[in-house]
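# Structure at a glance
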Amino acid sequence: MKINLSGHHVDVNDSIKEHIEEKFSKIANHFPTLIALDVIISKEHNQHQVELTTSYEGSRISTKGVDGVMYPAIASAAKKLDAALKHRKGQLKANLHAKPQCTAPEIAHEKVQEMNLA
């Protein structure tokens, strides 16, 4: 998985890059069809914000983590991304199951007549 890392008002050094690669290696193993992940680290009003954006199985998934310290913000965003990806994967698997078919109203009426409820 390719990680595109950018920083706004934050210097992105090697230790931050290594930490992000380490955090998202687990997600890359769990979801091998992920191709790229966009990570934007910014600092506004003494709060670190980490925005994650990716495309998974035809839908765009975005999460955001906010904290006073950068590393917990990264961890929060990673946890939210993992939950969002699992949710999307569950939706895709649910679409594979056969849906129950509803009987037509005419057939239901005939069934009731056959039951002789009187």
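A brief look at the structure comes next.

The rules behind these values
Residues numbered from 1 in each chain as written. Predicted model: local features only at pLDDT ≥ 70, side-chain atom pairs only at ≥ 80, totals over all residues. Heavy atoms only, no water. Pairing = 2+ DSSP bridges. Helix = DSSP H or I, 4+ residues; strand = E, 2+ residues; numbered from the N terminus. Axes fitted to C-alpha atoms, helices over the stretch in contact; angles between N-to-C directions. Contact = heavy atoms within 4.5 Å. Buried < 20%, exposed > 50% of the residue type's maximum accessible area, 1.4 Å probe, protein only. Parallel < 35°, antiparallel > 145°, perpendicular 65-115°, else oblique. Left-handed = near helix turned anticlockwise from the far one by under 90°. Nonpolar A, V, L, I, M, F, W, Y, C, P; charged D, E, K, R; others polar. Phe/Tyr/Trp six-rings, centres within 6.5 Å; stacked < 30°, edge-to-face > 60°.

A sheet is described by the order of its strands in space; here four strands give the open sequence β1-β2-β3-β4, paired in mixed fashion. Looking along the sheet, the strands with just one partner apiece sit at the ends: β1 (2-8) and β4 (59-67). Between one strand axis and the next, the sheet turns by 15 degrees as a mean value, whatever way the strands run. Pairing between strand β2 (residues 36-44) and strand β3 (residues 47-56): eight bridges, direction antiparallel. Each bridged residue has a counterpart across the sheet, and for Ile40 the counterpart in β3 is Glu51. Strands β1, β2 and β3 of the sheet are contacted by helix α1 (residues 14-30), whose axis makes an angle of about 135 degrees with β1. Those strands touched by helix α2 (residues 70-94) are β2, β3 and β4, and its axis lies near 155 degrees from that of β4.

Okay, the side chain of Thr53 next. Within the secondary structure layout, Thr53 lies in strand β3. With sequence-adjacent residues up to four places away left out, Thr53 is seen in contact with Ala36, Leu37, Asp38, Arg60, Ile61 and Ser62.

A few words on the environment of Ser76. Mapped onto the fold, Ser76 is located in helix α2. Look at Ser76 and you get partly exposed, because its relative accessible area is 25%. C-alpha separation for the pair Ser76 and Gly65, spaced 11 residues apart in sequence, amounts to 5.1 Å.

The next subject is the packing of α1 against α2. The interhelical angle for the contact between α1 and α2, taken along N-to-C directions, is 20 degrees, at an axis separation of 11 Å. On the basis of their axis angle, the class for α1 and α2 is roughly parallel. The two elements α1 and α2 cross, and the hand of that crossing is right-handed. Counting all contacts with α1, which are made through Ser15, Ile16, His19, Ile20, Lys23, Phe24, Ile27 and His30, the residues of α2 involved are Met70, Tyr71, Ile74, Ala75, Ala78, Leu81, Asp82, Leu85 and Lys89. Taken together, the residues of the contact of α1 with α2 break down into 11 nonpolar, three polar and three charged.

What follows covers the packing of aromatic side chains. Geometrically, a pair of aromatic rings is defined through the distance of the ring centres and the angle of the planes. One pass over the structure, following the stated rule, counts one aromatic pair. With 5.6 Å between their ring centres and 80 degrees between their planes, Phe31 and Tyr56 make a pair best called edge-to-face. With Phe31 in the loop between α1 and β2 and Tyr56 in strand β3, the pair connects residues that are 25 residues apart, well separated along the chain. With respect to class, Phe31 is no different from Tyr56; both count as buried.

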